[in-house]
Amino acid sequence: MSQEPILLTPGPSIVPLPVREALGRPIIHHRTKEFQAILKEAEAGLRVLFGTSQEVLILTSSGTGAMEASVINLLSAGDEAIVIRGGKFGERWGEICEAFGIKVINVDPVWGKPLDLAKFQQTLQQNPNVKAVFSTLCETSTGVRFDIAGIKKAITQAGSKALLAVDAISGLGSDPFSMDAFGVDAAVSGSQKGLMLPPGLAFIALSARAWEAVKASKTPKYYYDLNLAKKAWESTDTPFTPAVGLVIGLVESLRIILKDSAEKFAAHHGANAQYVRDAVKAMGLELYADPSCASNAVTMINVPAGVDGKELIKQIQSKHGVIVAGGQGKELVGKVIRIATMGAVGRTELDAGLKALESVLKEMGAAAQK
Ligand SMILES: *Cc1c(COP(=O)(O)O)cnc(C)c1O
C-alpha cells in the first residue's frame, strides 16, 4: 500500500487513529440511552474546550452552518452589525449578514496585522445602535489570531451593548480560548480543523444575553432555529437526526484533546507553530502574519519573488506526498503557502513538510539562503 499523503492543510486536518477507529464503529440508533450517553460525554467535553458553562449545541453541517445560525438567531433584517474583516473568513461573516438584510459596518484591519483596538472602539462609539460584533479567533486565510478579550474590552469601554460573536472554527483547540472568560456571546466551531474529525459537525454556544436576543430575532428559520436545538437538549436529544458516526468520533477526539488540559493542548500547538516560524525564517523565507498576532493553528509564508506558488504546492505534493495549502482569494493565490499545526499535526509531519518545502524551493531555483 502506498503511503498516505501528509495533510498539513488548515482543514480538513489529520484524523488520528483512535478517532478513525471510533468512526468505524457500528452505527447505533440516535434515540437510545446508549447514544444519549455519547452525546452527553461529547457535550461535556465541548463545554470544557469552549470554556463555558452554557450548553454547546451540536449541529449537522460544516462550520459555516453555525456561523449562519448565529447571524439568523441573534439578529433581524435591518439590525446593524460590525464585522471585523481580517481575511476571507471575516468577509464571510459580512456576506452572511448581508444575505439576511443585516446592515453591515466593516472594520478592516490590514491583513496579517492585529486589529487597531482604539480605532475599533471609535467605530463602536460612532455606531451606538450596533447589535452585534462579528470576529474571527484564528483568521485561517492569513494566520492571524485576533485578541478576542481585547475586542470585548473595547466593546465594554465604548459603552456598547453589542453582542460578541466569534468564529473559532480553526482556532478552537489550538489558540487559547475561553468563551466565558473572554466575554463571548456566541462561539462557533467545526469538526474538521482542531477537533481532528472529518467535516460534518458544527458547534455553537450562546451566552445568557445571546439567548435573550434569540427571543427577539424575527429572521425566518427552520433547520437552524436554535430554540429547537435548545429544547431538544433539555432531554439530551437533537431536533433532527444527528451525524451519529461523527459524534462517536468526537468523544474520542475530545478525550485526546482534554487528556491533560485544553490549555496544554493549545500550548503544544503554540510550540509547533513557533517551530514552523523559526524553520522557515532559517530558510530565508518571510512570514505573512505579524508574529505578535500569529495563530497557533496555521502559519502563512510568503512565496519568494520569482517562484510560482501554485507550482511549489503541486511539487511538494507530487514529490514528497505532503499537502500544504495556498492562498485564498485573488489577492493571495499563488503568492503564499499555509502550513497547519492544528489538531494531530506533530513534529514528524512538520519535519516532512518543511524538508519538502526547502527541497522543492531549491529545485525551483529560489535562493533558500541559510
Ligand atoms: C474553515 C473555516 C471556516 C469554514 O468552515 P466550513 O466548515 O468550510 O464551513 C470558517 N471560518 C474559519 C476561520 C475557518 O477556518
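The rules behind these values
Each chain has its residues counted from 1, running along the sequence as written. Per-residue local features are limited, in this predicted model, to residues with pLDDT of at least 70; the limit for side-chain atom pairs, both in listing and counting, is 80 or more; totals at the level of whole chains, interfaces and linings are taken over all residues. By convention in this description, side-chain values take in all heavy atoms of the structure and omit both hydrogens and water. Secondary structure elements follow DSSP: runs of H or I of four or more residues count as helices, runs of E of two or more count as strands, with numbering from the N terminus. In this treatment the radius of gyration is a C-alpha quantity, and the globule benchmark scales as 2.2 Å times the residue count to the 0.38 power. Throughout, exposure labels follow a simple rule: accessible area from a 1.4 Å probe, protein chains only, divided by the maximum for the residue type, with under 20% read as buried, over 50% as exposed, and the rest as partly exposed. Any two residues having at least one pair of non-hydrogen atoms within 4.5 Å are treated as being in contact. Method remark: on a 1 Å grid restricted to protein atoms, a set of points is classed as a cavity if a 1.4 Å probe fits but cannot get out and as a pocket if it is open with protein on both sides within 12 Å along at least five of seven lines; lining residues have an atom within 4 Å of a point. Grid points are joined across faces, edges and corners, and a volume is the space filled by probe spheres set on the points. Side-chain classes are defined by residue name, with Ala, Val, Leu, Ile, Met, Phe, Trp, Tyr, Cys and Pro counting as nonpolar, Asp, Glu, Lys and Arg as charged, and the others, Gly among them, as polar. Annotation comment: domain bounds sourced from an automatic or database domain assignment. For any pair of parts, buried area is found by adding up, for both, the accessible area (1.4 Å probe) each one loses once the two are put together. One speaks of a salt bridge when a side-chain nitrogen belonging to Lys or Arg is within 4 Å of a carboxyl oxygen belonging to Asp or Glu. Think of a polar contact as two N or O atoms within 3.5 Å of one another; within protein, one of them needs to be a possible hydrogen donor and the other a possible acceptor, and neighboring residues in sequence only count if both atoms come from side chains. We define a nonpolar core as any set of buried Ala, Val, Leu, Ile, Met, Phe, Trp, Tyr and Cys residues linked to one another through side-chain atoms lying within 4.5 Å. We call a residue near a molecule or strand whenever a single non-hydrogen atom of that residue lies within 4 Å of it. Using the Shrake-Rupley algorithm and a 1.4 Å probe, accessible areas are obtained, with residue cover drawn only from the displayed protein chains.

**Some words on the overall build of the protein chain**
Stage number 1. Of regular secondary structure, the protein chain possesses 13 helices and 14 strands.
Stage number 2. Relative to its length of 370 residues, the protein chain is compact, with a C-alpha radius of gyration of 21 Å against a globular reference of 21 Å.
Stage number 3. Buried positions account for 58% of the 370 residues belonging to the protein chain.
Stage number 4. For the protein chain, long-range pairs separated by at least 24 residues make up 73% of all intrachain contacts whose partners lie at least 6 apart in sequence.

**Structural notes on empty space enclosed by the protein**
Stage number 1. Per the counting criterion, the structure on display carries 2 cavities of 30 Å³ or more.
Stage number 2. Its boundaries defined by the atoms lining it, the largest cavity holds a volume of some 200 Å³.
Stage number 3. Put simply, the parts of the chain that give the lining of the largest cavity at least two residues each are α2 (33-50), β2 (56-60) and α9 (226-233).
Stage number 4. Each residue belonging to the lining of the largest cavity can be placed in one class, and the counts come to 13 nonpolar, 3 polar and 3 charged.
Stage number 5. Counted as a void, the second largest cavity has a volume near 40 Å³.
Stage number 6. Element by element, the count of residues in the lining of the second largest cavity is highest for strand β12 (residues 298-302), at 3 residues.

**A look at the environment of Leu226**
Stage number 1. With respect to the secondary-structure elements, Leu226 resides in helix α9.
Stage number 2. Judged by its relative accessible area of 1%, Leu226 falls in the buried class.
Stage number 3. Sequence separation between Leu226 and Lys153 is 73 residues, and the spatial gap between their C-alpha atoms is 27 Å.
Stage number 4. Setting aside residues no more than four positions away along its own chain, Leu226 makes contact with Leu57, Leu59, Ala69, Asn73, Ile204, Leu206 and Trp211.

**Here we look at the domain arrangement of the protein chain**
Stage number 1. The assigned domain composition of the protein chain is domain 1 (6-13 + 261-363) and domain 2 (17-257).
Stage number 2. Spacing between the C-alpha centres of domain 1 and domain 2 amounts to 26 Å.
Stage number 3. Contact with domain 1, which involves 28 residues of that partner, is made by 25 residues of domain 2.
Stage number 4. The junction of domain 1 with domain 2 conceals about 2200 Å² of combined surface from both sides, 60% of it contributed by carbon and sulfur atoms.
Stage number 5. Together, Phe265, Cys293 and Gln328 form the three largest contributors to the area buried by domain 1 at its contact with domain 2, with a combined 23%.
Stage number 6. The tally of links between domain 1 and domain 2 comes to 0 salt bridges.
Stage number 7. Linking domain 1 with domain 2 are 10 residue pairs in polar contact (both at pLDDT 80 or more).

**Describing the nonpolar core**
Stage number 1. In this structure, Phe120, Val133, Phe134, Ile151 and Leu250 are the most contacted members of the largest nonpolar core, which totals 90 residues.
Stage number 2. Of the residues forming this core, the biggest block, 8 residues, is contributed by helix α10 (residues 244-257).
Stage number 3. No fewer than three residues from each of domain 1 (6-13 + 261-363) and domain 2 (17-257) sit in this core.
Stage number 4. Discounting chain neighbours no more than four positions away, the residues touching Val133 are Ile82, Ile84, Phe120, Leu124, Ile151, Ile155, Ala162, Leu163, Leu164 and Ala165.
Stage number 5. Met283, Val324, Ile339 and Leu354 belong to the second-largest nonpolar core, a separate cluster that totals 24 residues.

**Re the site of the ligand**
Stage number 1. In the vicinity of the ligand, 14 residues are found, and the nearest of them are Ser62, Thr64, Thr140, Asp167 and Lys193.
Stage number 2. Here an oxygen atom of the ligand sits 2.5 Å away from a polar atom, N or O, in the side chain of Ser62.
Stage number 3. At a separation of 2.5 Å, an oxygen atom of the ligand approaches a polar side-chain atom of Thr64.
Stage number 4. Its free accessible area being 380 Å², the ligand has 89% of it covered by the protein chains.
Stage number 5. No other element matches helix α3 (residues 63-74), which puts 3 residues into the shell around the ligand.

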